[in-house]
Amino acid sequence: MKWENITVKQYYKIMEIIQEEQDPYLLNAELIRCIWNVDVENIPYVRLHQYCKELEFLAKPYEPKAPKKEYDVNGVIYRPVLDVSKVTTAQYIDFQECTKRNAYKELLNCLFIKDGCEYGDCIDDYLWENLTLDVYSDVMFFFLELLKKSMINTLNSSIKLMKKELKTIKDKTARIAILRKMVEAKVIILRLNEGDYGQLI
């Protein structure tokens, strides 16, 4: 077993099980039930040991790769959002809201557009049930990196404008306000460069 065989729905269920279950036997039993739909009480001990061995892939985090331009998800074509400049305001707001609420099922419909549809036209649970974790991770990581670069560029442009503005303003209170905004922008850039994607939400 490997991450490429796990659906997004299974992945979030796995994370929930790992966070909630403390007993090692029950933890393995719940993970096996989630991944293989098998009740451990009804299988030979030798097979249980084999399943537990296969669970070792969970200890190795998935490493995202460059995403493809389109994916065949069990016979249905989806195109991931790979160009931030084409993201609509509504789509970006939906992305932020879904991320804040941990609404992962809805988040998939922000990141993938079904072939022949426009954003918002084809909202369903198909991706939640069928998309594998590797594809989701590849696209999610790439999309966040694009947003990060876009935000850093915007913040750097704002800092340059504020520096020019400072040269024309003599009022002490106004200057302090501008300097405070510049510092805040630089802090956000620093955090983004450190991998804090929470700054994008």
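Sequence order sets the numbering: in each chain, residues are counted from 1 along the sequence as written. Residues qualify for local features only when their pLDDT is at least 70, as the model is predicted, and side-chain atom pairs are given and counted only at 80 or more; totals for whole chains, interfaces and linings, by contrast, use all residues. Side-chain metrics rest on all non-hydrogen atoms present in the structure, leaving aside hydrogens and water.

### Remarks on the packing of helix 1 (residues 8-20) against helix 2 (residues 24-36)
As a reminder of what qualifies: Axis definition: a line fit to C-alpha positions, over the contact stretch in the case of helices; interaxial angles, taken between N-to-C directions, run 0 to 180 degrees. Secondary structure elements are taken from DSSP: a helix is a run of H or I of four residues or more, a strand is a run of E of two residues or more, and numbering for both begins at the N terminus. When describing relative orientation, an angle under 35 degrees is termed roughly parallel and one over 145 degrees roughly antiparallel, while 65 to 115 degrees is termed roughly perpendicular and anything else oblique. Residues count as neighbours in contact if any of their non-hydrogen atoms are within 4.5 Å of one another.
Between helix 1 and helix 2, whose axes approach to 10 Å, the crossing angle comes to 170°. The angle between helix 1 and helix 2 places the two elements in the roughly antiparallel class. The residues of helix 2 that touch helix 1, namely those facing Gln-10, Lys-13, Ile-14, Ile-17 and Ile-18, are Leu-27, Glu-30, Leu-31, Cys-34 and Ile-35.

### A short note on the pairing of strand 2 (residues 76-80)
In regular strands, side chains alternate between the two faces of the sheet. For clarity, the threshold we go by: At least two DSSP bridges between two strands are needed for those strands to be called paired.
Summarising the sheet, strand 1 (residues 71-73) and strand 2 pair through three bridges and their orientation is antiparallel. Each bridged residue has a counterpart across the sheet, and for Asp-72 the counterpart in strand 2 is Ile-77. The turn linking strand 1 back onto strand 2 is made up of two residues, and Asn-74 within it adopts a positive phi angle of 50°.

### With respect to the confidence of the model for the protein chain
Convention followed: Confidence scores labelled pLDDT are given residue by residue by the predictor and lie between 0 and 100.
Of the residues in the protein chain, 97% reach a pLDDT of 70 or more, and the chain-wide mean stands at 87. Per-element confidence in the protein chain ranges from a low mean pLDDT of 84 for helix 4 (residues 89-100) to a high of 94 for strand 1.

### Looking at the sheet that holds strand 2
Sheet strands pair via backbone hydrogen bonds, and the direction of the pair is either parallel or antiparallel. One open sheet accounts for three strands, arranged 1-2-3; its pairing is antiparallel. A strand with exactly one partner marks an edge of an open sheet, and here the two such strands are strand 1 and strand 3 (112-114). Across the sheet, the axes of successive neighbouring strands diverge by a mean angle of 40°, strand direction being ignored.

### Topic: the pattern of salt bridges
Our working rule: Here, a salt bridge means any Lys or Arg side-chain nitrogen found within 4 Å of an Asp or Glu carboxyl oxygen.
Applying the stated criterion across every chain, the model contains nine salt bridges. Notably, a salt bridge pairs Lys-53 with Glu-56, separated by 3.4 Å at the nearest N-O pair.

### A word on the packing of helix 2 against helix 3 (residues 45-54)
Put simply, the rule is: Put simply, Ala, Val, Leu, Ile, Met, Phe, Trp, Tyr, Cys and Pro go in the nonpolar bin, Asp, Glu, Lys and Arg in the charged bin, and everything else, Gly too, in the polar bin.
Where helix 2 meets helix 3, the axes come as close as 10 Å, and the angle between the chain directions of the two elements is 80°. Looking at the two axes, helix 2 sits roughly perpendicular to helix 3. Listed contacts from helix 3 to Tyr-25, Asn-28, Ile-32 and Trp-36 of helix 2 are Leu-48, Tyr-51, Cys-52 and Glu-54. Counted by class, the contact of helix 2 with helix 3 contains six nonpolar, one polar and one charged residues.

### What about the side chain of Asp-138?
Defined as follows: Whenever two N or O atoms come within 3.5 Å, that pair is a polar contact, provided that in protein one can donate a hydrogen and the other can accept it, and provided that, for residues adjacent in sequence, both atoms are side-chain atoms.
Residue position: Asp-138 is located in helix 7 (residues 133-168). A distance of 2.8 Å separates the side chain of Asp-138 from the side chain of Tyr-62, its partner in a polar contact. When residues no more than four places from it in sequence are discounted, the contact partners of Asp-138 are Tyr-62, Pro-64, Lys-65, Pro-67 and Tyr-71.

### Side note on unusual backbone geometry
Most peptide bonds take the trans configuration, and most residues that are not glycine carry a negative phi. To be explicit about the condition: Partly exposed residues are those whose accessible area sits between 20% and 50% of the maximum for their type, while under 20% is buried and over 50% is exposed, using a 1.4 Å probe and protein chains only.
One non-glycine residue, Asn-37, lies in positive phi territory at about 60°. Mapping Asn-37 onto the fold places it in the loop between helix 2 and helix 3. Residue class for Asn-37 comes out exposed when judged on its relative accessible area of 68%.

### Considerations on the side chain of Gln-10
Along the chain, Gln-10 falls in helix 1. What makes Gln-10 buried here is its relative accessible area of 15%. Here the side chain of Gln-10 touches Thr-7 through a polar contact of 3.0 Å, landing on its backbone nitrogen.

### Thoughts on helix 2
Let me state the cut-off plainly: Helix span, as expected, comes to 1.5 Å for every residue beyond the first.
With 13 residues, helix 2 extends 18 Å between its outermost C-alpha atoms, agreeing within 8% with the 18 Å of an ideal straight helix rising 1.5 Å per residue. Where helix 2 is concerned, the buried positions are Ala-29, Leu-31, Ile-32, Cys-34 and Ile-35. Against helix 1 and helix 3 lie the buried residues of helix 2. Capping the start of helix 2 is the job of one residue whose side-chain oxygen sits 3.0 Å from the backbone nitrogen of Tyr-25: Asp-23. Immediately beyond the C-terminal end of helix 2, within one or two residues, lies Asn-37, with a positive phi of roughly 60°.

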